[in-house]
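Structural overview for review
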Amino acid sequence: MKVNIQAVNFNVDRKLVDFINERLGKINKFYDKVISVDVFLKLENTNEKENKVVEMKVLVPGDDIVVKKICKTFEEGVDIGADALERQVLKHKEKQNAY
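A brief structural summary.

Conventions used here
Residues numbered from 1 in each chain as written. Predicted model: local features only at pLDDT ≥ 70, side-chain atom pairs only at ≥ 80, totals over all residues. Heavy atoms only, no water. Core = buried A, V, L, I, M, F, W, Y, C linked by side-chain atoms within 4.5 Å. Buried < 20%, exposed > 50% of the residue type's maximum accessible area, 1.4 Å probe, protein only. Helix = DSSP H or I, 4+ residues; strand = E, 2+ residues; numbered from the N terminus. Contact = heavy atoms within 4.5 Å. Pairing = 2+ DSSP bridges. Axes fitted to C-alpha atoms, helices over the stretch in contact; angles between N-to-C directions. Phe/Tyr/Trp six-rings, centres within 6.5 Å; stacked < 30°, edge-to-face > 60°. Salt bridge = Lys/Arg side-chain N within 4 Å of Asp/Glu carboxyl O.

Of all hydrophobic cores here, the largest spans 21 residues; its most connected members are L24, V39, V58 and L85. Those elements that place two or more of their residues in this core are α1 (14–25), β2 (36–43), β3 (52–60), β4 (63–71) and α3 (74–98). The biggest single contributor to this core is α3, with six residues. When neighbours within four sequence positions are excluded, L24 is seen to be in contact with M1, V3, V37, V39, M56, A82 and L85.

Right under this line is the structure:
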């Protein structure tokens, strides 16, 4: 499984990249047919504290699973988003096995 990280209008530090790779690497435990994960990190221009947008797109055979989270930090967004992705990947796997 390949993890692609794209930051829009800023540079990502190595610590955040390592955290994302470690956290999303666990998705393979739930479904081994995951092709890749695309992660988009964006900063919104608002006055609110929750201005970090994390969008994750998981490519699995026959489908794309997308999760978008807005949080105070990118780490929090990745963590919450990864939990949601794990649930959706399990749901997709069960649906595939039902056929």
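From this point, things continue past the structure.
Across a sheet, strands are paired by hydrogen bonds formed along the backbone, either parallel or antiparallel in direction. Across the sheet, four strands lie side by side as β1-β2-β3-β4; this open sheet has mixed pairing. Each end of this open sheet is capped by a strand with a single partner; those strands are β1 (2–7) and β4. Ignoring strand direction, the axes of neighbouring strands in this sheet form an average angle of 15 degrees. In this sheet, β4 lies alongside β3 in antiparallel orientation, the contact comprising nine bridges. In the sheet register, L59 faces β4, and the bridge partner there is D64.

Throughout the structure, instances matching the rule amount to one aromatic pair. Taken together, a centroid distance of 5.3 Å and an interplanar angle of 15 degrees make the contact between F10 and F74 stacked. Of the two residues, F10 is situated in the loop between β1 and α1 and F74 in helix α3; the sequence distance between them amounts to 64 residues. In this structure F10 comes out as partly exposed when scored by relative accessible area, which is 21%.

Further remarks concern the pattern of salt bridges. Overall, the coordinates contain five salt bridges when judged by the stated rule. For D18, the salt bridge identified is with R14, shortest N-O distance 3.4 Å. One end of the pair, D18, and the other, R14, are both in helix α1, four residues apart, so they sit about a helical turn from each other. Its relative accessible area of 37% is what places D18 among the partly exposed residues. The closest approach of N and O atoms between D83 and R23, which form a salt bridge, is 2.4 Å. Placement of the pair is D83 in helix α3 and R23 in helix α1, with a sequence separation of 60 residues.

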